Amino acid sequence: MQTLLDRYDRLTAWLASRLPEGLALLLTRVALAGIFWRSGRSKVEEGTLLSIGEQAYFLFEYEYTGLPIPPAIATPMATWAEHLLPILLVLGLFTRLSALGLLAMTLVIQLFVYPGAWWQTHVLWSAMAAVLIARGGGMFSLDALVAGRRGNGKGERGRQQP
């Protein structure tokens, strides 16, 4: 029985190490970014980089009617955020701030647009964003690279690395 517990302890220690955590955080960054990136791309005219389509303005004016800001302001703000923040997340650059921005967007969507979608969708987006806010981008992020280049001997999460 002790051998089994020793193996379990070694396995859990490895799973809690930087490599598996870095991979899990990378997957979380890509998953959350993908959700918002696809939404952002649906708001731009096909074949353009960031030309907001009329359908997006229509959507904000007639479907997202509960928003506390005018559609003419909300449409470009949401579209730009749904493009910029996912790119930053995938790169792992300003991960915590990017995830915080997407969490704020999720909460706005929950409160003002689709209040019935918490358990089906928004709780998952919020959980992914919360993990990234708390843990950062991990070892496979530009945040970690920048922290290492700053020469402070600390990793992306600001603690001493072995």
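Asks: Mind showing me how you'd approach the layout of surface pockets here?
Replies: Remark: the empty space left among the atoms is shown by a probe the size of a water molecule rolled over them. Space inside the largest pocket adds up to approximately 460 Å³. Lining of the largest pocket is provided by 22 residues; of these, Phe 60, Ala 78, Glu 82, Met 105 and Ile 109 occupy positions nearest its centre. Of all the secondary-structure elements, those providing two or more residues to the lining of the largest pocket are α2 (18–41), α4 (71–91), α5 (95–113) and α6 (118–135). Broken down by class, the residue content of the lining of the largest pocket amounts to 18 nonpolar, 2 polar and 2 charged.

Asks: I'm lost on the pattern of salt bridges in this one. Help?
Replies: Between side chains of opposite charge, pairing is possible as soon as their charged atoms come close. Counted by the stated rule, this structure contains 2 salt bridges. Of the charged contacts, one joins Glu 21 and Arg 135 as a salt bridge, the two residues approaching to 2.4 Å between their closest N and O atoms. One end of the pair, Glu 21, is in helix α2; the other, Arg 135, is in helix α6, with 114 residues separating them in the sequence. Judged by its relative accessible area of 14%, Glu 21 falls in the buried class. Of the charged contacts, one joins Lys 43 and Glu 82 as a salt bridge, the two residues approaching to 2.9 Å between their closest N and O atoms. Of this pair, Lys 43 sits in the loop between α2 and α3 (54–62) while Glu 82 sits in helix α4, placing them 39 residues apart in sequence. By relative accessible area, which is 4% here, Glu 82 ends up buried.

Criteria and cut-off values
Residues numbered from 1 in each chain as written. Predicted model: local features only at pLDDT ≥ 70, side-chain atom pairs only at ≥ 80, totals over all residues. Heavy atoms only, no water. 1 Å grid on protein atoms, 1.4 Å probe; cavity = no way out; pocket = protein on both sides within 12 Å on 5 of 7 lines; lining within 4 Å. Points joined across faces, edges and corners; volume = space filled by probe spheres on them. Helix = DSSP H or I, 4+ residues; strand = E, 2+ residues; numbered from the N terminus. Nonpolar A, V, L, I, M, F, W, Y, C, P; charged D, E, K, R; others polar. Salt bridge = Lys/Arg side-chain N within 4 Å of Asp/Glu carboxyl O. Buried < 20%, exposed > 50% of the residue type's maximum accessible area, 1.4 Å probe, protein only.

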